[in-house]
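Listed here are the chains, written in short residue letters.
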Amino acid sequence: QVRLVESGGGLVQAGESLRLSCVAFGRTGSIKALGWYRQAPGKQREWVADINKDEIPNYVDSVKGRFTISRGGALNTVYLQMNNLKPEDTAIYYCNAKLYIDPANDFWGQGTQVTVSS
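Throughout what follows, the structure given in this document is the object of discussion. Residue indices follow the written sequence of each chain, beginning from 1 at its first position. For a predicted model such as this one, the threshold for reporting local features is a pLDDT of at least 70, and the threshold for listing and counting side-chain atom pairs is 80 or more; totals across whole chains, interfaces and linings nevertheless cover every residue. In computing side-chain properties, one takes all heavy atoms of the structure into account and sets aside hydrogens as well as water.

### Focus on the overall build of the protein chain
Labels follow the DSSP assignment, with helices taken as runs of H or I lasting at least four residues and strands as runs of E lasting at least two, numbered in each case from the N terminus. Scanning the protein chain from N- to C-terminus turns up 0 helices and 11 strands. Secondary structure elements of the protein chain occur, N-terminal to C-terminal, as β-β-β-β-β-β-β-β-β-β-β. C-alpha extents for the protein chain along the principal axes are approximately 45 × 25 × 25 Å. Throughout, exposure labels follow a simple rule: accessible area from a 1.4 Å probe, protein chains only, divided by the maximum for the residue type, with under 20% read as buried, over 50% as exposed, and the rest as partly exposed. Counting only residues that meet the buried cut, the protein chain has 42% of its 118 residues in that class. Contacts spanning at least 24 positions in sequence make up 55% of the contacts within the protein chain whose residues lie at least 6 apart. For the protein chain, the exposed surface amounts to about 6,200 Å²; the carbon and sulfur share of it is 48%. One finds the centroid of the 13 positive side-chain charges in the protein chain at a distance of 3 Å from the centroid of its 11 negative side-chain charges. Throughout, a residue-residue contact means that at least one pair of heavy atoms, one from each residue, lies within 4.5 Å. All accessible-area figures derive from a Shrake-Rupley calculation using a 1.4 Å probe, and residue coverage is judged against the displayed protein chains alone. Under the convention used here, Asp and Glu are negative, Lys and Arg are positive, and both His and the chain ends fall outside the count. A charged residue contributes its charge at one atom only: NZ of Lys, CZ of Arg, CG of Asp or CD of Glu.

See below:
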């Protein structure tokens, strides 16, 4: 299993930027992909972006052109650069890992709050 530790959330105004970070500990060699989800109050958790070891990124349509996902050199770190933030981006953001050795389960960080004011 792996443990995910997130950082970088905060309270910003619309149009500003934040950079989220997530570091994975444990069996990091088994990580297939790292990504980000978010959950707004009263809503379902939503997939935002992910990236695999081939460095192929994928994004939900609502963040394309504004968010950039990338992996650190050690391949156990994932970043989410969020530019031109909007109030509708307000949510708890969760780091997510998918593993080769346990494909039926996802692994999650504790979440970091992103709040964007108008």
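### With respect to the environment of Gly29
Tracing the chain through its elements places Gly29 in the loop between strand 3 (18–26) and strand 4 (31–39). Classification of Gly29 by relative accessible area gives exposed; the value is 62%. In this structure the C-alpha to C-alpha distance between Gly29 and Lys43, which are 14 residues apart in sequence, comes to 33 Å.

### Describing the state of the cysteines
Cysteine sulfur atoms are paired as a disulfide whenever they fall within 2.5 Å. Summed over all chains, the structure comprises 1 disulfide. A sulfur-sulfur distance of 2.1 Å marks the disulfide that ties Cys22 to Cys95. Across the disulfide from Cys22 to Cys95, rotation about the S-S bond amounts to roughly -85°, and the bridge is consequently left-handed. Of this pair, Cys22 sits in strand 3 while Cys95 sits in strand 9 (residues 91–99), and the two are 73 residues apart along the sequence. Side by side, Cys22 and Cys95 carry an identical accessibility label, which is buried.

### Comments concerning the pattern of salt bridges
Within this document, salt bridges are pairs made up of a side-chain nitrogen of Lys or Arg and a carboxyl oxygen of Asp or Glu, the two lying within 4 Å of each other. A complete count under the given rule lists 5 salt bridges for this structure. The shortest N-O distance in the salt bridge between Arg38 and Asp89 comes to 3.0 Å. Of this pair, Arg38 sits in strand 4 while Asp89 sits in the loop between strand 8 (77–82) and strand 9, and the two are 51 residues apart along the sequence. With respect to burial, Arg38 and Asp89 carry one shared label: buried. A salt bridge links Asp106 to Lys98, with the nearest nitrogen and oxygen atoms 3.6 Å apart. What emerges from the salt-bridge pattern is a single network uniting Arg38, Glu46, Arg66 and Asp89.

Just geometry here; none of it tells us what the structure is for.
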